[in-house]
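Letter by letter, the chains look like this.
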Amino acid sequence: MISNIPMEHGLILAAILFALGLIGVLVRRNIVFMLMSVEVMLNAVGLAFVVGGARWGQVDGQIMFIFILTMAAAEVSVGLALVLQLHHSFKTLDADAASTMKG
Amino acid sequence: MIAFLYLIPALPFAGFIILALTGRRLPKSVTTLVGAGSVGLSALIAVLIGINFITAPPQGYAFTQTLWTWMQFDGYAPSISFTLDPLSLIMVLVITIVGFLIHLYSTEFMSDDEGYSRFFAYMNLFVGSMLTLVLADNLVLLYLGWEGVGLCSYLLIGFWYRDPVNGRAARKAFIVTRIGDTAMAIGLFLLFTNLGTLNIQDLMQAAHAKWPIGSDTAVLAAALLLGGALGKSAQLPLQVWLPDAMAGPTPVSALIHAATMVTAGVYLIARTHVLFELAPAVQTAVAVIGALTLLIAGFSALVQRDIKRVLAYSTISQIGYMFLALGVGAWSAAMFHFMTHAFFKALLFLGAGVVILAQHEEHDMFKMGGLRKKLPATFWTFLIGSASLSALPVVTAGFYSKDLILWQAWSSPSGGALLWAAGLLGAFITSIYTFRMVFVTFFGESKMEVSHRPGSRMIMPLMILAVFSIVGGFVEMPDTLGNVALFSDFLQPIFPVQAVQHVVVGTELLFQIIASLVSLSGIFVAYLLYFRSPQTAEKFALSSVGAKIERFWFSGWGFDWLYEKLFINPFLWTAKINKSDFIDSGYTGIASLNRAIHAVLSKTQTGNIRWYAMGIVIGAVVFLGIIVALH
């Protein structure tokens, strides 16, 4: 049963997923893969919320997860629009190419 | 009448203010009226007050008029107050009368100058400051006048400011006299801290009561005041500024650097003579400095070519005579020589101005000649002035004053044979260089056409001063010639007559004959060397020894070279090695540090988005770590 899994295990899983997503953002050079890693981070956070809601038997965790999903969808659409703009300006999807703010 | 004393300095100051504020917009006739008229009015009032003073002298022979309290702090309240006593009356009369004659002369001399009103503004300020100096009741007000005349000297020497040479001469005068002024200020501090007052009468009484003769404080205070006097009066070692000060207009040289400002040092020592009597060592130093200066300047005048420089060195030399007199305690003799010197030296300078104007602004005597026929009035007045300077026996004022000094140098208790001999040699040299000047300028072949004939406003002062140069001496004649003692009797309340060593009347006559012979033989030598056979002097000057001597004397005995090596070069060297000012680097260091930190920190702005994300992560980790650690 869900109530038999200790909360700590769920939170540790969320933490590991978050860390993996974070490393992905920092390491990958392709903007699209960075966005995917951000999605992973968002899902990890959602998992953490759900686990917390299950622990105290309240529905707030699930509601938060729906908010996060909605926000993720909106963010992805904006992000992909920005990626298109980036590609239009720099002819590449390399994040390091957009460093004209240097200095 | 004597209640109008304050008008004497106030009128020239008023003239200065009017001309300084509105001079440029006034028509020239109004400027002339204000500029020369203020001093003329002052002279008139001075004469009237003088007559009043002589015929009906006030209580104690001194009249003090207090105008207002200058400042007040900690129980000390010096006031603007003027004291009229015989000494200051003589100074006031000479300053205003000779000053007025020079102003009258300047109205024609400077008439073509574009700085006409500026000139008269400065001259009026000068006369006002000088009158403040001599009328001052306390040493603080005297110092105010002292500084005022120093300022005006700077402004007037550098009057034609567009030429940098004039500016350099003005700065040199100001800086050298400043050294003396600093010594004098320290002397004033010393007097005040020890005696609690700077009012001259109170000071002299307190010093006499408190300090024994020869005490260290008295010697130190007198020496410091002497330093101030040396600077202002251009005596050894601070005499280097006066020859260069001839860069100013000739009326300036006549008024400031012959008749009045340079005698301020003589006045100071005469005023504080009680203090100098308490310090015999310093008084001897005054006499020795006077004797040395009169010889050095006399020899230097012998080889000068610029007519004004001859007169400048002559002034230094004659003030040396005054210092010699002060040093042997012959106070009224010094003041007598001051008076006659003011007359004939101003006359000589004004005459030189006429000659310079008439010879297309040429200053070199050897390029002039034969002016005797061309400028007769100038020639005769100049001759009278030169005769007075050379102390021509009996008929000139200079004879009486110089002879009195020589006699006092021999017979006074603190005098001696050596000082007398120095004075005698100086008189011989004086005659030679004076008549060298006369023969070269006025006799011989005329080398240049006369370009500007002097008008009445220039000739009149010359004539009046010539009359004074003759009759001015008749107020003090020695025993052998009628024993007239009007001058020293008049100064009796200030300078009690000194006890003279008992000498036979015959000795005094002998000395007078010696002095007269010396003066006449000097004229004869000048006649031989510069009229009859000018080649002898020139040939000697061309020989190797002669050339060296001439160069040495020409440079004023090398004092400029000495001061350059001793003071100017080390100063310039320290300024050069400190060019990147090490104190400044403290301030610039702050700016450099900022720039360095900026350079380091701006490396973190890479523009790279992953770098920024990393920064956020590290920050979050640190933040959480702190929260966990504090928990």
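Small disclaimer: the values here were computed from a predicted structure and weren't measured. (Residues numbered from 1 in each chain as written. Chains lettered and ligands numbered in written order. Predicted model: local features only at pLDDT ≥ 70, side-chain atom pairs only at ≥ 80, totals over all residues. Heavy atoms only, no water.)

Asks: Residues and numbers for the overall build of chain A, please.
Replies: A tally of helices and strands in chain A yields 3 helices and 0 strands. Starting at the N terminus and ending at the C terminus, chain A contains elements arranged as α-α-α. Expected size for 103 residues packed as a compact globule is a radius of gyration near 13 Å; at 17 Å, chain A overshoots this value by more than 25%. Seen through its C-alpha atoms, chain A measures out along the principal axes to roughly 50 × 25 × 25 Å. A total of 103 residues make up chain A; the buried ones form 25% of that total. Considering only contacts in chain A between residues 6 or more positions apart, those separated by 24 or more positions represent 58%. For chain A, the exposed surface amounts to about 7,000 Å²; the carbon and sulfur share of it is 74%. Positive and negative charge centroids in chain A, built from 5 and 6 side chains respectively, lie 11 Å apart. (Helix = DSSP H or I, 4+ residues; strand = E, 2+ residues; numbered from the N terminus. Rg over C-alpha atoms; globule rule 2.2 N^0.38 Å. Buried < 20%, exposed > 50% of the residue type's maximum accessible area, 1.4 Å probe, protein only. Contact = heavy atoms within 4.5 Å. Areas by Shrake-Rupley, 256 points an atom, 1.4 Å probe, with all protein chains shown as cover. Lys, Arg positive; Asp, Glu negative; His and termini not counted. Charge placed at Lys NZ, Arg CZ, Asp CG, Glu CD.)

Asks: Explain the packing of helix α4 (residues 116–135) of chain B against helix α11 (residues 264–271) of chain B residue by residue, including any values.
Replies: All names here are of chain B. Interhelical geometry of α4 versus α11 gives an angle of 15° and a closest axis separation of 10 Å. In terms of orientation, α4 and α11 fall into the roughly parallel class. For the crossing formed where α4 meets α11, the hand is left-handed. Here M130, L133 and V134 of α4 lie close against α11, whose contacting residues are A264, Y267 and R271. Grouping the amino acids of the contact of α4 with α11 by side-chain chemistry returns 5 nonpolar, no polar and 1 charged. (Axes fitted to C-alpha atoms, helices over the stretch in contact; angles between N-to-C directions. Parallel < 35°, antiparallel > 145°, perpendicular 65-115°, else oblique. Left-handed = near helix turned anticlockwise from the far one by under 90°. Nonpolar A, V, L, I, M, F, W, Y, C, P; charged D, E, K, R; others polar.)

Asks: Report on the pattern of salt bridges, specifying residues and quantitative values.
Replies: When the charged atoms of two side chains with opposite charge come close together, those side chains can pair. All names here are of chain B. All told, the structure shown has 13 salt bridges over all chains when counted by the stated rule. In this structure, R178 and D181 form a salt bridge, with 3.2 Å as the shortest nitrogen-oxygen distance. Remark: D181 and R178 occur in helix α6 (residues 164–195); sequence separation between them is 3 residues, near one turn of the helix. Among the residues examined, R178 registers a relative accessible area of 33% and is labelled partly exposed. What makes D181 buried here is its relative accessible area of 3%. (Salt bridge = Lys/Arg side-chain N within 4 Å of Asp/Glu carboxyl O.)

Asks: With reference to specific residues and values, describe unusual backbone geometry.
Replies: Residues and elements named next belong to chain B. In the segment running from L236 into P237, the intervening peptide bond is cis, with an omega of -10°. Tracing the chain through its elements places P237 in the loop between α8 (216–232) and α9 (241–244). Positive phi outside glycine occurs at H360, with the angle close to 55°. With respect to the secondary-structure elements, H360 resides in the loop between α15 (331–358) and α16 (371–374).

Asks: Explain the nonpolar core to me, and be specific about the residues and the numbers.
Replies: Membership of the largest hydrophobic core comes to 203 residues, with the highest contact counts inside it found for L142(B), L191(B) and M335(B). The element best represented in this core is α15(B), accounting for 21 residues. In contact with L191(B), not counting residues within four places along its chain, are L139(B), G196(B), T197(B), L198(B), L203(B), W211(B), A221(B), L225(B) and L275(B). In terms of nonpolar packing, the next biggest core, distinct from the first, is built from 10 residues, L26(A), I31(A), M41(A) and V617(B) among them. (Core = buried A, V, L, I, M, F, W, Y, C linked by side-chain atoms within 4.5 Å.)

Asks: Provide a residue-level description of the packing of helix α3 (residues 86–109) of chain B against α11(B), including the pertinent values.
Replies: A pair of packed helices can be characterised by two numbers: the angle between their axes and the separation between those axes. Residue and element names in this part refer to chain B. Between α3 and α11, whose axes approach to 11 Å, the crossing angle comes to 170°. The orientation of α3 relative to α11 falls into the category roughly antiparallel. Residues L87, S88 and M91 of α3 form the contact with α11, whose participating residues are Y267, A270 and R271. For the contact of α3 with α11, the per-class residue count stands at 4 nonpolar, 1 polar and 1 charged.

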